[in-house]
Amino acid sequence: MMPDTAHRADRLRQVFAYHQATKHQFRAYARGPGYLDWATQPDPFRRYAGARLIALETIPPTAEPLYDAVFSQGQMPTPAPVNLLSVSQLFYDSLALSAWKSAAGTRWALRVNPSSGNLHPTEGYLLCGPVDGLGDQPMVCHYAPREHGLEVRAEFGLALWKALSSSFPEHTFFVGLTSIHWREAWKYGERAYRYCMHDVGHAIGALSIAAGGLGWQMRLLDDLGSDELALLLGTFQEHPAEPEAPDLLLACVPAHQAPQASGLPADAVRSFTTLAWQGTANRLSPSHLDWGMQDIAAAVHKPHGTGEYAPFTEPPAAWALETRPVSLRQVIRERRSAVAMDGQTRLSRDNFYHLLYRCLAVPGALPFRALPWKPHLHLAIFVHRVDDLPSGLYLLVRDAAQTEALQKALTQADRWQTPRGCPEQLPLYCLIEADVRAAAREISCHQDIASDSCFSLAMIAEYERPLERYGPWFYPCLYWEAGMIGQLLYLEAEAAGIRSTGIGCFFDDPTHEVLGLSAPNFQDLYHFTVGGPVEDTRLTTLPAYADG
Ligand SMILES: Cc1cc2nc3c(=O)[nH]c(=O)nc-3n(C[C@H](O)[C@H](O)[C@H](O)COP(=O)(O)O)c2cc1C
């Protein structure tokens, strides 16, 4: 074997081993601290001390645009000019605080993007040219959610910006994401890397949909390697605080522009090493335990270049859904996780089908248009309370070309029956008719939210083949897709007047057994539940910002 191929094979084995070792089993949870060490609880806010802070505007949610409009290309708002107000709106609707909560003398912040354990490992960045009201110089900024401001980490000349953005439409800017794995590892140990990548997926979903509200689209720059991302975002610099691992860069362009194929010129990217980087990263905890986050991050390190992606041969057909009188920004900013479900609320069958259709990667539709590859995740749905639909296990096939492979793999299915009233655009099948509440609760770490809801689900990924085809770097990408589906479920539930919750705690192989999956080619990556919430009346809610 060539050294490069051998190295790739080694890293792939490492990824498979990490995935296997971080499964929760009935007999033992994945390795973690097992208790919360409050003395080392990480600060939820990274700041770069000494970097200039640009205050962004807080903008109360507006009635328009309507939530459903941003999913339909014909109804998308016209692209907003790129200026202080629109950039403020983008961050306010994606990564900002959404509220403060308080109980028994402590208070904590919630954000527009959800996060496992509310630990928020994801950091946001803006890389832009001169922007009206924001700055005359091109710059790299770190987003500070508590302040709703941008910390200027580096400024650079117009010539470099022009070189960087020359193959993109006018008014393009870039948004980057990084992860501080320690934040999740502090509570969850080895499994934490998975949660960090779910959170990145939620953030991509949040950014894409917020951009849609401004008539813009987000597109992943998939040719960039991990080292290039670290250069562009300034996280390549060594410092004694917790490291930020670079995840990705998204190009933000007007929604009607054709997707961008070419990337950023290598010599322009290299010159970011020589910028005068400002600010010192704050330390989040006084001491740390090593849960192997750097090892898995090294195994999935991405080289420069894109994959030869398998074509999406059978995309879903268009289905014109009704436009409800529901404000996009209200849905976005009022999204919350249900901490308990009422065990009573029922969802109408039409609303159920509507919501599932949104989870499909319809060409050109939000948020999945941000990703250049075909969908790899399918939804195994435990239906508990949907009007006119028998309880049971259903499957939403998100890539119809995989139907046969799934039929072979899901050996517990009694049947593959199209449910009553199911529109032809929705590849949904009933596999088992039964009361599946106990099974749903058990496989989701015995959490009642999975059985007291209208439905809960497991996201089943095509796993081994894409990783073998593209390489170990694709492992986090599967979680990004899971997080994006999750973000959509959160917003769809909110728009339908109910709630949902992401479920990162689930028993992997027991879920596979329930479905009859024995080979590792398909793996369960994330659970979700959607239903009628029970409010926690012990908590007080305070506004996110003094002025908004
Ligand atoms: C990846 C992920 C995994 C989660 N896992 C669970 C879970 O297993 N059980 C649960 O009750 N909530 C879970 N949550 C919900 C979080 O606790 C919630 O997002 C966080 O507390 C912030 O609250 P908010 O979503 O209302 O803003 C998860 C959320 C995410 C994004």
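The structure this text deals with has already been given above.
Cut-offs used in this document
- Residues numbered from 1 in each chain as written.
- Predicted model: local features only at pLDDT ≥ 70, side-chain atom pairs only at ≥ 80, totals over all residues.
- Heavy atoms only, no water.
- Buried < 20%, exposed > 50% of the residue type's maximum accessible area, 1.4 Å probe, protein only.
- Helix = DSSP H or I, 4+ residues; strand = E, 2+ residues; numbered from the N terminus.
- Pairing = 2+ DSSP bridges.
- Axes fitted to C-alpha atoms, helices over the stretch in contact; angles between N-to-C directions.
- Contact = heavy atoms within 4.5 Å.
- 1 Å grid on protein atoms, 1.4 Å probe; cavity = no way out; pocket = protein on both sides within 12 Å on 5 of 7 lines; lining within 4 Å.
- Points joined across faces, edges and corners; volume = space filled by probe spheres on them.
- Nonpolar A, V, L, I, M, F, W, Y, C, P; charged D, E, K, R; others polar.
- Phe/Tyr/Trp six-rings, centres within 6.5 Å; stacked < 30°, edge-to-face > 60°.
- Lys NZ or Arg CZ within 6 Å of the ring centre and 35° of its normal.
- Lys, Arg positive; Asp, Glu negative; His and termini not counted.
- Salt bridge = Lys/Arg side-chain N within 4 Å of Asp/Glu carboxyl O.
- Near = heavy atom within 4 Å.
- Polar contact = N/O pair within 3.5 Å; in protein donor to acceptor, adjacent residues only side chain to side chain.
- Areas by Shrake-Rupley, 256 points an atom, 1.4 Å probe, with all protein chains shown as cover.
- Parallel < 35°, antiparallel > 145°, perpendicular 65-115°, else oblique.
- Left-handed = near helix turned anticlockwise from the far one by under 90°.
- Core = buried A, V, L, I, M, F, W, Y, C linked by side-chain atoms within 4.5 Å.

Student: For this particular structure, what's the right way to read the pairing of strand S7 (residues 149-155)?
Tutor: In summary, the side chains of a regular strand alternate between the two faces of the sheet. The buried fraction of S7 is high, at 6 of 7 residues. Sheet analysis places strand S2 (residues 52-55) next to S7, joined by 4 bridges and oriented antiparallel. Bridge assignment links Ala55 to a residue of S7, and that residue is Gly149. Here strand S6 (residues 139-144) folds back onto S7 in antiparallel fashion, the turn holding 4 residues, of which His148 has a positive phi close to 45°.

Student: Is there a simple way to explain the sheet that holds strand S13 (residues 392-396) in this structure?
Tutor: Picture the strands of a sheet paired through backbone hydrogen bonds; they go either parallel or antiparallel. The sheet built from 6 strands is open, its strands ordered S14-S13-S12-S15-S17-S16 with antiparallel pairing. Looking along the sheet, the strands with just one partner apiece sit at the ends: strand S14 (428-433) and strand S16 (499-503). Shown here is a sheet whose adjacent strand axes are inclined to one another by a mean of 25°, direction ignored. Bridging between S16 and strand S17 (residues 522-531) involves 5 bridges; their strand directions are antiparallel. The residue bridging Ile503 from the neighbouring strand is His527, located in S17. Of the strands in this sheet, strand S12 (377-383), S13, strand S15 (455-462) and S17 are in contact with helix H15 (residues 508-515), which crosses S17 at around 85°.

Student: Is there a simple way to explain the layout of surface pockets in this structure?
Tutor: Sizing a probe to match a water molecule and rolling it over the atoms shows the empty space that remains. Approximately 1100 Å³ is the volume found for the second largest pocket. The wall of the second largest pocket is formed by 49 residues, among which His181, Glu244, Ala245, Pro246 and Ala297 lie closest to the centre. Listing elements by their share of the lining of the second largest pocket, those giving two or more residues are helix H4 (181-188), helix H5 (192-212), helix H6 (226-233), strand S10 (245-254), helix H8 (293-299) and helix H14 (474-495). Taken together, the residues of the lining of the second largest pocket break down into 29 nonpolar, 10 polar and 10 charged.

Student: What is the right way to read the packing of aromatic side chains from this model?
Tutor: The geometry of an aromatic ring pair is captured by two quantities: the separation of the ring centres and the angle between the planes. All told, the structure shown has 29 aromatic pairs when counted by the stated rule. Note on Tyr490 and Phe528: the rings are 5.1 Å apart at their centroids and 80° apart in plane angle, and the pair reads as edge-to-face. In this pair, Tyr490 is assigned in helix H14 and Phe528 in strand S17, connecting sequence segments 38 residues apart. Owing to a relative accessible area of 4%, Tyr490 belongs among the buried residues under this scheme. The class of Phe528 is buried, set by a relative accessible area of 0%. Pairwise contacts between aromatic rings join Phe16, Tyr18, Tyr193, Tyr463, Tyr475 and Tyr479 into one cluster. One cation-aromatic arrangement involves Arg153 over Tyr48; the distance from NZ or CZ to the ring centre is 4.1 Å.

Student: How should I be thinking about the side chain of Arg153 in this particular structure?
Tutor: If you trace the backbone, Arg153 turns up in strand S7. Among buried Asp, Glu, Lys and Arg side chains, Arg153 stands out as unpaired, with Glu151 the closest opposite charge at 6.5 Å. Excluding its chain neighbours within four sequence positions, the residues that come into contact with Arg153 are Tyr48, Val140, Cys141, His142, Leu233, Gly234, Gln237, Ala276, Trp277, Gln278 and Gly279.

Student: Is there a simple way to think about the site of the ligand in this case?
Tutor: As a matter of local geometry, the ligand sits amid 22 residues, with Arg335, Ser337, Gln447, Gly502 and Gly504 nearest to it. Between the ligand and Arg335 there is a distance of 2.8 Å, counted from an oxygen atom to a side-chain nitrogen or oxygen. Notes on the ligand: free accessible area 620 Å², of which the protein chains cover 84%. For the shell around the ligand, the elements supplying multiple residues, two or more each, are strand S4 (106-111), H5 and S16. Grouping the constituent residues of the shell around the ligand by class yields 7 nonpolar, 11 polar and 4 charged.

Student: Got a minute to help me understand the packing of H5 against H14 in this structure?
Tutor: How two helices pack is summed up by the angle between their axes together with the distance between the axes. Running from N to C, H5 and H14 cross one another at 55°; their axes reach a closest spacing of 6 Å. Comparing their axes, H14 and H5 come out oblique. As H5 runs across H14, the sense of the crossing is right-handed. Two secondary-structure elements touch here, H5 through Tyr193, Arg194, Met197, His198, Val200, Gly201, His202, Ile204, Gly205, Ala206 and Ile209 and H14 through Tyr475, Pro476, Tyr479, Trp480, Ala482, Gly483, Met484, Gly486, Gln487, Leu488, Tyr490 and Leu491. Class assignment for the residues of the contact of H5 with H14 results in 15 nonpolar, 7 polar and 1 charged.

Student: Can you walk me through the side chain of His202 in this structure?
Tutor: Looking at where His202 falls in the secondary structure, it is placed in helix H5. With a relative accessible area of 1%, His202 lands in the buried category. Setting aside its immediate chain neighbours within four residues, His202 contacts Pro114, Gly483, Met484, Gly486, Gln487, Tyr490, Tyr526 and Phe528.

Student: Quick question: what am I supposed to make of H15 here?
Tutor: Buried residues dominate H15, accounting for 6 of its 8 residues. Listed as buried for H15 are Asp508, Asp509, Pro510, Thr511, His512 and Leu515. Positioned one or two residues after H15, Gly516 has a phi angle of 80°, which is positive.

Student: It is not clear to me how the nonpolar core should be interpreted in this structure. Could you clarify?
Tutor: Nonpolar side chains in soluble globular proteins tend to be buried together. If you look at the biggest cluster of nonpolar residues, it comprises 127 residues, and the most contacted ones within it are Leu134, Leu150, Phe352, Ile381, Leu428 and Met459. Among residues more than four places away in sequence, those in contact with Leu150 are Arg52, Leu53, Ile54, Leu56, Val87, Phe91, Leu126, Leu134, Cys141, His142 and Tyr143. Among the nonpolar cores identified, the runner-up in size contains 28 residues, and Tyr125, Leu164, Phe174 and Leu231 belong to it.

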